[in-house]
Amino acid sequence: KQWYQRRVRDSEKEEEEGGEVFEETAAAEPGTESRSRKSSSSSSSSSSCSSEERKVVAGAVELASDEEGDLFDEEGTKVERAANTLPNRFNKFPNLEELHLGYYGKGNPLKYIPRTVFSLQCLKKLDASSCRLTSIPSEISGLANLEELWLSGNFLTSLPRSLSELKKLKSLWVNYNQLHGLPATLEFCESLEGLYAHGNQIEFLSTALCRIPKLTYLGVGRNNIKFLPENIGQLSNLKEAWLNDNHIRQIPDSLFELVNLKVLWLSHNQLTSLDKRVGYLSNLTDLSVSRNRLTTIPPQLANCSNLRVLQLNENKLVALPKSLSGLHSLEELWLNGNAVKEIPEGLYMLSNMKKPV
């Protein structure tokens, strides 16, 4: 409040003396400002500049107030804080490439993203995590050069179909919202490599999502998924699939065609068997099928010669195939919570083992 009153007094004094006035041009972050000097050649131009100055200064106080906790009008009177206190003037930064409105767990209570943000043609990264957002407008498609979109930790129940127009989008983070599904139109995001939607209420994945050409990382753990798409094998570039903490009962046959897969996380589901074709996943380095209902492990798993981490804990296993002794790259083997009575002797001889069997 004192800063604001002092700023207005200085401005009025300069006008009376016929000197120079400051024009507030932009505020990059809360509490910061950028000024440029401007001579007033006539009383009318001086009056116009002063009016504009007060208008923008009020916005600057609004930004600065995020730290102080209170907002004040032009006369210094305290006013109620609105849900979204960010000025709708982001079009003042046409060359902005990164905008961080929030951070997961430490966002701002915005509830909506200022509309002018969607006019930033140079923006490559937008982080609006934990900002109490309840919806994303279709105008987000205007961010033609956006590569990273972070929307985790909000209250989103759906995503706009217009995301399909973000042709340069590489990663989409929507973890821990209230989503019931993902838009099928994401298949047209031709540059999308990472899709992260952990901790939502997703019940199924559209077959269209399996046609995202460059998808490399798929994270849909902690949802309510019961079935995986039969055409999941079309994701030929997929390297990591995080499918844990769902209600999956069966693995589609086509999944075993994902020869580039390195990480497959299927822990805490309802699997009762593991198909012998798991041995086709020769590049697999991390496999977790813990906390399921498995009673046996296929000997063909030993064909996954690059396995480093194998989690079999908390199933209903009573024995292990001797062929697992051929997993020479294995570093971690998790067996706790089973009824295994005998461990193949060769497993004790694996030189890379770091975690005790």
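Please refer to the structure placed before this passage.
What this report covers is the structure whose coordinates are included nearby.

Definitions and cut-offs
Residues numbered from 1 in each chain as written. Predicted model: local features only at pLDDT ≥ 70, side-chain atom pairs only at ≥ 80, totals over all residues. Heavy atoms only, no water. Helix = DSSP H or I, 4+ residues; strand = E, 2+ residues; numbered from the N terminus. Buried < 20%, exposed > 50% of the residue type's maximum accessible area, 1.4 Å probe, protein only. Areas by Shrake-Rupley, 256 points an atom, 1.4 Å probe, with all protein chains shown as cover. Contact = heavy atoms within 4.5 Å. Salt bridge = Lys/Arg side-chain N within 4 Å of Asp/Glu carboxyl O. Patch = residues over 30% accessible without salt bridge, like charges linked within 9 Å, V, L, I, M, F, W, Y side chains within 5 Å. Lys, Arg positive; Asp, Glu negative; His and termini not counted. Charge placed at Lys NZ, Arg CZ, Asp CG, Glu CD. Polar contact = N/O pair within 3.5 Å; in protein donor to acceptor, adjacent residues only side chain to side chain. Pairing = 2+ DSSP bridges. Axes fitted to C-alpha atoms, helices over the stretch in contact; angles between N-to-C directions.

A count of helices and strands for the protein chain gives two helices and 15 strands. Across the 357 residues in the protein chain, those meeting the buried criterion constitute 46%. When the accessible surface of the protein chain is split by element, carbon and sulfur atoms take 46% of a total near 18200 Å².

Checked against the element boundaries, S325 lands in the loop between β14 (309–311) and β15 (332–334). In contact with S325, not counting residues within four places along its chain, are P344, G346, L347 and L350.

Before going further, it helps to examine the pattern of salt bridges. Summed over the entire model, instances satisfying the criterion amount to nine salt bridges. E139 is the partner of R115 in a salt bridge, and the nearest nitrogen-oxygen pair spans 2.9 Å. Of this pair, R115 sits in the loop between β5 (98–100) and β6 (125–127) while E139 sits in the loop between β6 and β7 (148–150); the two residues are 24 residues apart in sequence, bridging distant segments of the chain. Among the residues examined, R115 registers a relative accessible area of 48% and is labelled partly exposed. For E139, a relative accessible area of 37% translates into the label partly exposed. A salt bridge links E331 to K354, with the nearest nitrogen and oxygen atoms 3.8 Å apart. Within this pair, whereas E331 is found in the loop between β14 and β15, its partner K354 is found in the segment after β15, the two being separated by 23 residues in sequence. In this structure K354 comes out as exposed when scored by relative accessible area, which is 66%. Through salt bridges with shared partners, a single ionic network connects D286, R308, E331 and K354.

Here the focus is a positive patch on the surface. A contiguous patch of positive charge on the surface is contributed by K124, K168, K170 and K214. Turning to its location among the elements, K124 is positioned in the loop between β5 and β6.

What follows concerns the environment of E332. As for its position among the elements, E332 is in strand β15. A residue is classified by how much of its surface remains accessible, and E332, at 27% relative accessible area, is partly exposed. When the C-alpha positions of E332 and M353 are compared, they lie 6.0 Å apart, and in sequence the two are 21 residues distant. One polar contact links E332 to W334, side chain to side chain, over a distance of 3.1 Å.

It is worth spelling out unusual backbone geometry at this point. Positive phi outside glycine occurs at K111, with the angle close to 75 degrees. Relative to the helices and strands, K111 is located in the loop between β5 and β6. For K111, a relative accessible area of 43% corresponds to the partly exposed category. Positive phi outside glycine occurs at R132, with the angle close to 60 degrees. Looking at the secondary structure, you find R132 in the loop between β6 and β7.

Okay, the environment of L195 next. In this structure, L195 sits in strand β9 (residues 194–196). What makes L195 buried here is its relative accessible area of 1%. L195 sits 24 residues away from S171 along the chain, and the two C-alpha atoms are 6.0 Å apart.

Let's shift gears to the side chain of N246. Here N246 shows up in the loop between β11 (240–242) and β12 (263–265). Among the residues examined, N246 registers a relative accessible area of 5% and is labelled buried. At 3.0 Å, the side chain of N246 forms a polar contact with the backbone nitrogen of I225. Of the polar contacts made by the side chain of N246, one reaches the backbone oxygen of L243; its length is 3.1 Å.

This paragraph deals with the sheet that holds strand β13 (residues 286–288). Read from one edge to the other, the open sheet built from eleven strands follows the order β5-β6-β7-β8-β9-β10-β11-β12-β13-β14-β15, with strand pairing classed as parallel. Lying at the two open borders of the sheet, with one neighbouring strand each, are β5 and β15. Strand-to-strand twist in this sheet, taken as the mean axis angle between neighbours without regard to direction, amounts to 5 degrees. Pairing between strand β10 (residues 217–219) and β11: three bridges, direction parallel.

Turning our attention to the environment of V263. Take V263: it is sitting in strand β12. For V263, a relative accessible area of 8% corresponds to the buried category. Sequence spacing of V263 and A241 is 22 residues, and the spatial spacing of their C-alpha atoms is 6.1 Å. Not counting chain neighbours up to four residues away, the residues in contact with V263 comprise K239, E240, A241, W242, L284, T285 and D286.

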